[in-house]
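What follows is each chain in one-letter form.
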Amino acid sequence: MSRAHRKNEHIYHSLKKRMSRADFKDISFIHNCLPNMAFNQVSLKTEYMGRTYRSPLFINAITGGSQMAYRINSALADVARVCNMPMAVGSQMAAFEDSSCTDSFTIARKNNPGGEVWANLGTYASPEMASKAVKMLNADALQIHINVPQELVMKGGDRDFRDMSNRIKKVVNNIEVPVIAKEVGFGVAREQAEALLKAGVSAIDVGGRGGTNFIAIEGSRSGRYIPESLLEWGIPTAISLIETVETIKGRIDIFASGGMNNALDIARALSLGAKAVGLAAMPLNTLVKYGRRTLIKKIYDLENELKLIMMMTGSSSIAGLQKAPLVITGFTSEWLERRGINSDNYARRSLV
Ligand SMILES: Cc1cc2nc3c(=O)[nH]c(=O)nc-3n(C[C@H](O)[C@H](O)[C@H](O)COP(=O)(O)O)c2cc1C
(Lines give C-alpha, C1' and ligand atoms only; values in the text may rest on other atoms or scores of the structure.)
Protein backbone atom coordinates (compact mmCIF):
# COMPACT_ATOMS: atom_id res chain seq x y z
CA MET A 1 0.00 0.00 0.00
CA SER A 2 1.36 3.45 -0.88
CA ARG A 3 2.08 5.94 1.89
CA ALA A 4 -0.44 8.37 0.30
CA HIS A 5 -3.15 5.73 0.60
CA ARG A 6 -2.21 5.06 4.22
CA LYS A 7 -2.36 8.80 5.01
CA ASN A 8 -5.86 9.01 3.53
CA GLU A 9 -6.94 5.98 5.55
CA HIS A 10 -5.70 7.61 8.78
CA ILE A 11 -7.87 10.63 8.02
CA TYR A 12 -10.86 8.50 7.06
CA HIS A 13 -10.70 6.24 10.14
CA SER A 14 -10.02 9.17 12.46
CA LEU A 15 -13.11 11.00 11.13
CA LYS A 16 -15.23 7.85 11.53
CA LYS A 17 -14.48 7.58 15.24
CA ARG A 18 -16.31 9.66 17.83
CA MET A 19 -14.01 12.44 18.99
CA SER A 20 -13.04 11.76 22.59
CA ARG A 21 -11.96 14.06 25.39
CA ALA A 22 -8.94 13.74 27.68
CA ASP A 23 -9.70 12.69 31.25
CA PHE A 24 -9.05 15.65 33.56
CA LYS A 25 -12.02 14.97 35.84
CA ASP A 26 -9.79 14.37 38.90
CA ILE A 27 -8.42 17.92 38.58
CA SER A 28 -10.61 20.75 39.92
CA PHE A 29 -10.16 24.49 40.05
CA ILE A 30 -11.50 26.38 43.05
CA HIS A 31 -13.97 29.12 42.18
CA ASN A 32 -12.72 32.57 43.13
CA CYS A 33 -15.75 34.75 43.99
CA LEU A 34 -13.59 37.91 44.31
CA PRO A 35 -11.34 38.08 41.22
CA ASN A 36 -10.75 41.87 41.61
CA MET A 37 -10.03 42.43 37.90
CA ALA A 38 -11.74 43.22 34.58
CA PHE A 39 -12.37 40.66 31.82
CA ASN A 40 -10.41 42.74 29.33
CA GLN A 41 -7.31 42.32 31.52
CA VAL A 42 -7.25 38.57 30.88
CA SER A 43 -4.45 37.65 28.45
CA LEU A 44 -3.75 34.30 26.81
CA LYS A 45 -0.16 35.24 25.92
CA THR A 46 2.36 32.49 26.45
CA GLU A 47 6.10 32.13 25.94
CA TYR A 48 7.94 29.05 24.77
CA MET A 49 10.98 28.11 22.70
CA GLY A 50 12.17 31.70 23.12
CA ARG A 51 9.14 33.38 21.53
CA THR A 52 5.91 35.03 22.67
CA TYR A 53 2.60 33.73 21.30
CA ARG A 54 -0.87 35.33 21.27
CA SER A 55 -2.52 32.12 22.47
CA PRO A 56 -1.38 28.75 23.82
CA LEU A 57 -3.28 26.80 21.13
CA PHE A 58 -1.56 25.25 18.11
CA ILE A 59 -2.65 22.93 15.29
CA ASN A 60 -0.81 19.65 15.81
CA ALA A 61 0.58 17.38 13.07
CA ILE A 62 -2.17 15.80 10.97
CA THR A 63 -1.30 15.13 7.39
CA GLY A 64 0.58 15.49 4.10
CA GLY A 65 1.41 13.16 1.22
CA SER A 66 -1.81 12.95 -0.83
CA GLN A 67 -4.26 15.09 -2.83
CA MET A 68 -6.67 15.09 0.09
CA ALA A 69 -3.82 16.03 2.46
CA TYR A 70 -3.02 18.97 0.15
CA ARG A 71 -6.57 20.31 0.50
CA ILE A 72 -6.60 19.80 4.28
CA ASN A 73 -3.19 21.42 4.84
CA SER A 74 -4.15 24.29 2.56
CA ALA A 75 -7.30 25.00 4.63
CA LEU A 76 -5.56 24.43 7.98
CA ALA A 77 -2.83 26.89 6.96
CA ASP A 78 -5.52 29.50 6.17
CA VAL A 79 -6.99 28.95 9.63
CA ALA A 80 -3.52 29.10 11.25
CA ARG A 81 -2.86 32.40 9.44
CA VAL A 82 -6.20 33.98 10.42
CA CYS A 83 -5.93 32.80 14.03
CA ASN A 84 -2.18 33.55 14.18
CA MET A 85 -1.33 30.16 15.65
CA PRO A 86 1.46 27.66 14.93
CA MET A 87 0.68 24.69 12.70
CA ALA A 88 2.59 21.44 12.29
CA VAL A 89 2.38 19.34 9.12
CA GLY A 90 2.16 15.53 9.18
CA SER A 91 5.21 13.31 8.71
CA GLN A 92 7.27 14.53 5.76
CA MET A 93 8.65 11.05 5.12
CA ALA A 94 5.99 10.82 2.37
CA ALA A 95 7.69 13.67 0.45
CA PHE A 96 11.09 11.94 0.72
CA GLU A 97 9.65 8.75 -0.74
CA ASP A 98 7.72 10.50 -3.52
CA SER A 99 8.72 14.08 -4.27
CA SER A 100 5.57 14.63 -6.37
CA CYS A 101 3.60 15.06 -3.12
CA THR A 102 5.93 17.75 -1.70
CA ASP A 103 3.35 20.47 -2.42
CA SER A 104 0.92 18.83 0.04
CA PHE A 105 3.40 19.96 2.74
CA THR A 106 4.75 23.21 1.29
CA ILE A 107 1.19 24.57 0.92
CA ALA A 108 1.27 25.04 4.73
CA ARG A 109 4.04 27.63 4.25
CA LYS A 110 2.71 29.03 0.97
CA ASN A 111 -0.67 29.94 2.52
CA ASN A 112 0.93 31.30 5.68
CA PRO A 113 4.22 32.93 4.66
CA GLY A 114 4.64 35.00 7.82
CA GLY A 115 3.29 32.42 10.27
CA GLU A 116 4.83 29.72 12.40
CA VAL A 117 5.09 26.33 10.64
CA TRP A 118 6.55 23.19 12.22
CA ALA A 119 8.16 20.33 10.28
CA ASN A 120 7.50 16.71 11.30
CA LEU A 121 9.42 13.41 11.10
CA GLY A 122 9.70 10.21 13.16
CA THR A 123 12.59 9.04 15.35
CA TYR A 124 14.04 7.21 12.31
CA ALA A 125 15.09 10.64 10.96
CA SER A 126 18.77 11.23 10.26
CA PRO A 127 20.20 14.74 10.74
CA GLU A 128 20.22 15.10 6.91
CA MET A 129 16.53 14.20 6.65
CA ALA A 130 15.71 16.59 9.49
CA SER A 131 17.52 19.48 7.77
CA LYS A 132 15.76 18.69 4.50
CA ALA A 133 12.34 18.62 6.19
CA VAL A 134 12.96 21.98 7.88
CA LYS A 135 14.27 23.52 4.66
CA MET A 136 11.25 22.25 2.68
CA LEU A 137 8.94 24.46 4.76
CA ASN A 138 11.34 27.10 5.98
CA ALA A 139 10.07 25.70 9.28
CA ASP A 140 10.39 27.42 12.64
CA ALA A 141 10.72 24.14 14.58
CA LEU A 142 10.84 20.39 14.01
CA GLN A 143 8.52 17.92 15.70
CA ILE A 144 9.88 14.39 16.13
CA HIS A 145 6.98 12.02 16.66
CA ILE A 146 7.24 8.99 18.92
CA ASN A 147 4.65 6.32 18.10
CA VAL A 148 5.88 2.85 19.10
CA PRO A 149 2.41 1.35 19.88
CA GLN A 150 1.07 2.48 16.49
CA GLU A 151 4.03 0.93 14.65
CA LEU A 152 3.65 -2.32 16.59
CA VAL A 153 -0.04 -2.68 15.71
CA MET A 154 0.29 -1.42 12.11
CA LYS A 155 0.61 -4.08 9.44
CA GLY A 156 4.20 -3.76 8.19
CA GLY A 157 5.04 -1.22 10.91
CA ASP A 158 8.51 -0.83 12.45
CA ARG A 159 9.76 -3.44 14.88
CA ASP A 160 13.22 -2.11 15.67
CA PHE A 161 13.40 0.80 18.09
CA ARG A 162 17.02 0.53 19.14
CA ASP A 163 18.92 3.74 19.73
CA MET A 164 15.85 6.03 19.58
CA SER A 165 17.12 8.50 22.21
CA ASN A 166 20.51 8.76 20.52
CA ARG A 167 18.96 9.38 17.13
CA ILE A 168 16.90 12.24 18.57
CA LYS A 169 20.09 13.64 20.16
CA LYS A 170 21.94 13.52 16.82
CA VAL A 171 19.15 15.45 15.10
CA VAL A 172 19.03 18.04 17.92
CA ASN A 173 22.80 18.55 17.64
CA ASN A 174 22.72 19.06 13.89
CA ILE A 175 19.82 21.37 13.14
CA GLU A 176 19.33 25.06 13.71
CA VAL A 177 15.67 25.11 14.81
CA PRO A 178 14.20 23.95 18.14
CA VAL A 179 13.17 20.27 18.32
CA ILE A 180 9.88 19.23 19.91
CA ALA A 181 9.62 15.55 20.91
CA LYS A 182 5.98 14.48 20.71
CA GLU A 183 4.09 11.36 21.64
CA VAL A 184 1.05 10.75 19.45
CA GLY A 185 -1.44 9.63 22.12
CA PHE A 186 0.17 7.17 24.55
CA GLY A 187 1.87 9.68 26.85
CA VAL A 188 5.34 10.40 28.22
CA ALA A 189 6.35 9.09 31.67
CA ARG A 190 8.82 10.85 33.96
CA GLU A 191 11.70 8.45 33.12
CA GLN A 192 11.37 9.11 29.38
CA ALA A 193 10.87 12.85 29.98
CA GLU A 194 14.28 12.80 31.66
CA ALA A 195 15.77 10.92 28.67
CA LEU A 196 14.30 13.45 26.22
CA LEU A 197 15.69 16.31 28.29
CA LYS A 198 19.12 14.63 28.12
CA ALA A 199 18.74 14.25 24.35
CA GLY A 200 18.58 18.04 24.24
CA VAL A 201 15.08 18.72 22.88
CA SER A 202 13.64 22.21 23.38
CA ALA A 203 10.14 20.99 24.23
CA ILE A 204 8.18 17.85 25.04
CA ASP A 205 4.58 17.46 23.86
CA VAL A 206 3.25 14.75 26.18
CA GLY A 207 0.61 13.52 23.69
CA GLY A 208 -1.29 11.44 26.24
CA ARG A 209 -4.15 8.95 26.10
CA GLY A 210 -7.70 10.23 25.86
CA GLY A 211 -8.00 11.64 22.35
CA THR A 212 -6.98 10.09 19.05
CA ASN A 213 -6.03 6.44 19.61
CA PHE A 214 -3.70 5.12 16.94
CA ILE A 215 -4.02 1.51 18.13
CA ALA A 216 -7.77 1.79 17.46
CA ILE A 217 -7.20 3.55 14.11
CA GLU A 218 -4.74 0.89 12.94
CA GLY A 219 -7.27 -1.74 14.10
CA SER A 220 -10.07 -0.21 12.00
CA ARG A 221 -7.74 0.12 9.01
CA SER A 222 -6.74 -3.53 9.09
CA GLY A 223 -10.19 -4.83 10.06
CA ARG A 224 -8.43 -7.05 12.59
CA TYR A 225 -9.68 -7.56 16.15
CA ILE A 226 -7.72 -5.47 18.67
CA PRO A 227 -7.90 -6.77 22.25
CA GLU A 228 -9.22 -4.44 24.96
CA SER A 229 -5.85 -4.58 26.75
CA LEU A 230 -4.24 -2.79 23.81
CA LEU A 231 -7.10 -0.33 23.29
CA GLU A 232 -6.70 0.81 26.90
CA TRP A 233 -2.92 1.24 26.62
CA GLY A 234 -1.22 4.53 27.44
CA ILE A 235 -0.74 7.20 30.09
CA PRO A 236 -3.69 9.61 30.34
CA THR A 237 -2.84 13.15 29.18
CA ALA A 238 -3.31 14.77 32.63
CA ILE A 239 -1.10 12.23 34.42
CA SER A 240 1.57 12.31 31.71
CA LEU A 241 1.59 16.11 31.87
CA ILE A 242 2.04 16.17 35.67
CA GLU A 243 4.79 13.50 35.57
CA THR A 244 6.63 15.44 32.86
CA VAL A 245 6.23 18.87 34.50
CA GLU A 246 7.40 17.48 37.86
CA THR A 247 10.45 15.88 36.24
CA ILE A 248 11.47 18.72 33.95
CA LYS A 249 10.99 21.47 36.56
CA GLY A 250 11.04 24.34 34.04
CA ARG A 251 14.29 23.34 32.26
CA ILE A 252 12.51 23.01 28.87
CA ASP A 253 8.96 23.74 27.68
CA ILE A 254 6.11 21.26 28.05
CA PHE A 255 3.08 21.06 25.76
CA ALA A 256 -0.15 19.14 26.35
CA SER A 257 -2.03 17.23 23.66
CA GLY A 258 -4.23 14.15 23.33
CA GLY A 259 -7.95 14.86 23.55
CA MET A 260 -7.56 18.57 24.32
CA ASN A 261 -10.77 19.89 22.78
CA ASN A 262 -12.52 21.39 25.80
CA ALA A 263 -11.73 24.84 27.30
CA LEU A 264 -11.88 23.61 30.91
CA ASP A 265 -9.37 20.83 30.14
CA ILE A 266 -7.13 23.32 28.31
CA ALA A 267 -7.25 25.62 31.37
CA ARG A 268 -6.44 22.65 33.64
CA ALA A 269 -3.48 21.66 31.43
CA LEU A 270 -2.12 25.23 31.40
CA SER A 271 -2.56 25.47 35.16
CA LEU A 272 -0.63 22.21 35.58
CA GLY A 273 2.30 23.76 33.70
CA ALA A 274 1.76 23.31 29.95
CA LYS A 275 3.03 26.28 27.92
CA ALA A 276 0.97 25.33 24.86
CA VAL A 277 -1.82 22.94 23.89
CA GLY A 278 -1.98 20.97 20.62
CA LEU A 279 -5.19 20.13 18.78
CA ALA A 280 -5.45 17.51 16.02
CA ALA A 281 -8.75 15.57 15.89
CA MET A 282 -10.82 18.68 16.65
CA PRO A 283 -9.49 20.86 13.80
CA LEU A 284 -9.56 17.90 11.39
CA ASN A 285 -13.17 16.97 12.24
CA THR A 286 -14.43 20.55 12.28
CA LEU A 287 -12.72 21.45 9.03
CA VAL A 288 -13.84 18.41 7.05
CA LYS A 289 -17.41 18.38 8.40
CA TYR A 290 -18.15 22.13 8.70
CA GLY A 291 -15.45 24.09 6.86
CA ARG A 292 -12.77 26.59 7.76
CA ARG A 293 -15.05 29.43 8.93
CA THR A 294 -16.59 27.16 11.56
CA LEU A 295 -13.14 26.03 12.64
CA ILE A 296 -11.96 29.63 13.05
CA LYS A 297 -15.09 30.39 15.11
CA LYS A 298 -14.53 27.30 17.23
CA ILE A 299 -10.94 28.31 18.00
CA TYR A 300 -12.03 31.84 19.00
CA ASP A 301 -14.89 30.38 21.09
CA LEU A 302 -12.44 28.05 22.88
CA GLU A 303 -10.15 31.00 23.61
CA ASN A 304 -13.01 33.12 24.91
CA GLU A 305 -14.22 30.30 27.15
CA LEU A 306 -10.66 29.82 28.39
CA LYS A 307 -10.52 33.51 29.36
CA LEU A 308 -13.83 33.20 31.25
CA ILE A 309 -12.44 30.24 33.21
CA MET A 310 -9.22 32.14 33.96
CA MET A 311 -11.29 35.07 35.23
CA MET A 312 -13.29 32.78 37.52
CA THR A 313 -10.04 31.49 39.06
CA GLY A 314 -8.86 35.08 39.53
CA SER A 315 -6.01 34.74 36.99
CA SER A 316 -5.34 37.43 34.39
CA SER A 317 -2.42 35.55 32.82
CA ILE A 318 -1.25 32.00 32.19
CA ALA A 319 1.54 32.55 34.74
CA GLY A 320 -1.23 33.47 37.20
CA LEU A 321 -3.27 30.41 36.25
CA GLN A 322 -0.21 28.30 37.11
CA LYS A 323 -0.45 29.57 40.68
CA ALA A 324 -4.20 29.00 41.05
CA PRO A 325 -4.93 26.18 43.50
CA LEU A 326 -5.94 22.87 41.90
CA VAL A 327 -7.42 19.99 43.85
CA ILE A 328 -6.23 16.61 42.51
CA THR A 329 -8.28 13.64 43.68
CA GLY A 330 -9.13 10.03 42.86
CA PHE A 331 -7.13 7.79 40.54
CA THR A 332 -4.87 10.67 39.41
CA SER A 333 -3.92 11.58 42.97
CA GLU A 334 -3.32 7.94 43.87
CA TRP A 335 -1.15 7.41 40.78
CA LEU A 336 0.92 10.52 41.58
CA GLU A 337 1.40 9.44 45.19
CA ARG A 338 2.65 5.99 44.09
CA ARG A 339 5.05 7.73 41.69
CA GLY A 340 6.42 9.98 44.45
CA ILE A 341 4.62 13.20 43.43
CA ASN A 342 2.79 15.13 46.14
CA SER A 343 -0.50 16.40 44.70
CA ASP A 344 -1.25 18.40 47.87
CA ASN A 345 1.24 21.03 46.69
CA TYR A 346 -1.17 21.91 43.86
CA ALA A 347 -4.12 22.30 46.26
CA ARG A 348 -2.20 24.56 48.64
CA ARG A 349 -0.43 26.86 46.21
CA SER A 350 -1.59 30.42 46.23
CA LEU A 351 -2.30 33.29 43.84
CA VAL A 352 -0.63 35.77 46.18
C1 LIG B 1 -5.43 11.68 10.89
C2 LIG B 1 -4.27 11.95 11.79
C3 LIG B 1 -2.98 11.86 11.30
C4 LIG B 1 -1.88 12.13 12.11
N5 LIG B 1 -0.61 12.10 11.58
C6 LIG B 1 0.45 12.48 12.35
C7 LIG B 1 1.76 12.59 11.80
O8 LIG B 1 1.98 12.37 10.61
N9 LIG B 1 2.77 12.96 12.63
C10 LIG B 1 2.56 13.22 13.96
O11 LIG B 1 3.48 13.60 14.68
N12 LIG B 1 1.33 13.11 14.50
C13 LIG B 1 0.28 12.76 13.74
N14 LIG B 1 -0.98 12.70 14.29
C15 LIG B 1 -1.11 12.80 15.77
C16 LIG B 1 -1.52 14.18 16.28
O17 LIG B 1 -0.56 15.16 15.98
C18 LIG B 1 -1.74 14.13 17.81
O19 LIG B 1 -0.51 13.85 18.44
C20 LIG B 1 -2.74 13.07 18.23
O21 LIG B 1 -3.76 12.96 17.26
C22 LIG B 1 -3.39 13.39 19.58
O23 LIG B 1 -4.11 14.61 19.52
P24 LIG B 1 -5.72 14.68 19.36
O25 LIG B 1 -6.30 13.81 20.43
O26 LIG B 1 -6.04 16.14 19.50
O27 LIG B 1 -6.07 14.15 18.00
C28 LIG B 1 -2.09 12.46 13.49
C29 LIG B 1 -3.39 12.58 13.98
C30 LIG B 1 -4.47 12.33 13.16
C31 LIG B 1 -5.88 12.46 13.73
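See the structure shown above.
In this report, we go over the structure that sits alongside the text.

Analysis parameters
Residues numbered from 1 in each chain as written. Predicted model: local features only at pLDDT ≥ 70, side-chain atom pairs only at ≥ 80, totals over all residues. Helix = DSSP H or I, 4+ residues; strand = E, 2+ residues; numbered from the N terminus. Rg over C-alpha atoms; globule rule 2.2 N^0.38 Å. Buried ≥ 20, exposed ≤ 12 C-beta atoms within 10 Å, placed from the backbone. Core = buried A, V, L, I, M, F, W, Y, C linked by C-beta atoms within 7 Å. Contact = placed C-beta atoms within 7 Å. Axes fitted to C-alpha atoms, helices over the stretch in contact; angles between N-to-C directions. Parallel < 35°, antiparallel > 145°, perpendicular 65-115°, else oblique. Nonpolar A, V, L, I, M, F, W, Y, C, P; charged D, E, K, R; others polar. Pairing = 2+ DSSP bridges. Right-handed = clockwise from strand over helix to strand, strands pointing away. Expected span 1.5 Å × (residues − 1). Arc of directions from axis to C-beta. Near = placed C-beta within 6 Å.

### Re the overall build of the protein
Argument step 1. Of regular secondary structure, the protein possesses 17 helices and 12 strands.
Argument step 2. Relative to the 2.2 N^0.38 estimate, which gives 20 Å for 352 residues, the radius of gyration of the protein is 19 Å and therefore close to what a compact globule would have.
Argument step 3. Along the first, second and third principal axes, the C-alpha atoms of the protein reach 60 × 40 × 40 Å.
Argument step 4. Within the span of the protein, comprising 352 residues, buried residues form 49% of the whole.

### So, the nonpolar core
The tendency in soluble globular proteins is for nonpolar side chains to be buried as a group.
Argument step 1. Residues Met87, Leu142, Val201, Ile204, Leu241, Ala274 and Val277 are the most contacted members of the largest nonpolar core, which totals 99 residues.
Argument step 2. Residue contributions to this core peak at seven residues, all from helix H2 (residues 67–83).
Argument step 3. Setting aside chain neighbours within four positions, we find Ile204 in contact with Ala181, Val188, Ala193, Leu196, Thr244, Ile252 and Ile254.
Argument step 4. Membership of the second largest hydrophobic core comes to five residues, among which are Val153, Val184, Phe214 and Ile217.

### A look at the environment of Arg221
Argument step 1. Tracing the backbone shows Arg221 in helix H9 (residues 214–222).
Argument step 2. Looking at Arg221, the number of C-beta atoms within 10 Å reads 18, which means it is partly exposed.
Argument step 3. When neighbours within four sequence positions are excluded, Arg221 is seen to be in contact with Glu9 and His13.

### Here's the deal with the packing of helix H1 (residues 3–16) against H9
Argument step 1. Here H1 crosses H9 at 110 degrees, and the two axes come no closer than 9 Å. Considered as vectors, H1 and H9 are oriented roughly perpendicular to each other. Two secondary-structure elements touch here, H1 through Glu9, His10, His13, Ser14 and Lys16 and H9 through Ile217, Ser220 and Arg221.
Argument step 2. Residue composition of the contact of H1 with H9, by class: one nonpolar, four polar and three charged.

### Topic: the pairing of strand E11 (residues 276–279)
Argument step 1. Alternating residues of E11 divide into Ala276 and Gly278 and Val277 and Leu279, and every residue in both groups is buried.
Argument step 2. The pairing of strand E4 (residues 57–59) with E11 spans three bridges and is parallel. Within E11, the position partnered with Ile59 by the bridge is Leu279.
Argument step 3. After leaving strand E10 (residues 253–257), the chain enters helix H12 (residues 263–272) and then returns to the sheet as E11, a path that is right-handed.

### Describing the pairing of strand E8 (residues 179–183)
Argument step 1. For E8, the buried fraction is high: five of the five residues fall into the buried class.
Argument step 2. On E8, burial covers both faces: Val179, Ala181 and Glu183 on one face and Ile180 and Lys182 on the other are all buried.
Argument step 3. Bridging between strand E7 (residues 141–146) and E8 involves five bridges; their strand directions are parallel. The residue bridging Gln143 from the neighbouring strand is Ile180, located in E8.
Argument step 4. Bridge count between E8 and strand E9 (residues 203–205): three bridges; the pairing is parallel. Counted as the bridge partner of Lys182 is Asp205 from E9.

### Let's talk about H2
Argument step 1. Under the 1.5 Å per step criterion, the end-to-end length of H2 is 25 Å for 17 residues, consistent within 8% with the ideal 24 Å.
Argument step 2. Of the residues making up H2, those classed as buried are Ala69, Ile72, Asn73, Leu76, Ala77, Val79, Ala80 and Cys83. Across the axial projection of H2, the buried residues extend over an arc of 160 degrees, all falling on one side.
Argument step 3. Against the buried residues of H2 lie H1, E4, strand E5 (87–88), helix H4 (103–110), helix H13 (281–290) and helix H14 (292–313).
Argument step 4. Phi turns positive, to about 50 degrees, at Asn84, one or two residues after H2.

### Let's talk about unusual backbone geometry
Argument step 1. Even without being glycine, Asn36 reaches a positive phi, approximately 55 degrees.
Argument step 2. When the 7 C-beta atoms within 10 Å are taken as the criterion, Asn36 is described as exposed.
Argument step 3. Even without being glycine, Lys249 reaches a positive phi, approximately 50 degrees.
Argument step 4. You can call Lys249 exposed: it has 9 C-beta atoms within 10 Å.

### Let's talk about the site of the ligand
Argument step 1. Lining the immediate surroundings of the ligand are 26 residues, of which Gly90, His145, Gly211, Thr212 and Ala280 lie closest.
Argument step 2. Elements that contribute at least two residues to the shell around the ligand include exactly H1, E7 and H13.
Argument step 3. No other element matches H1, which puts three residues into the shell around the ligand.
Argument step 4. When the residues that make up the shell around the ligand are grouped by side-chain class, the tally is nine nonpolar, 16 polar and one charged.

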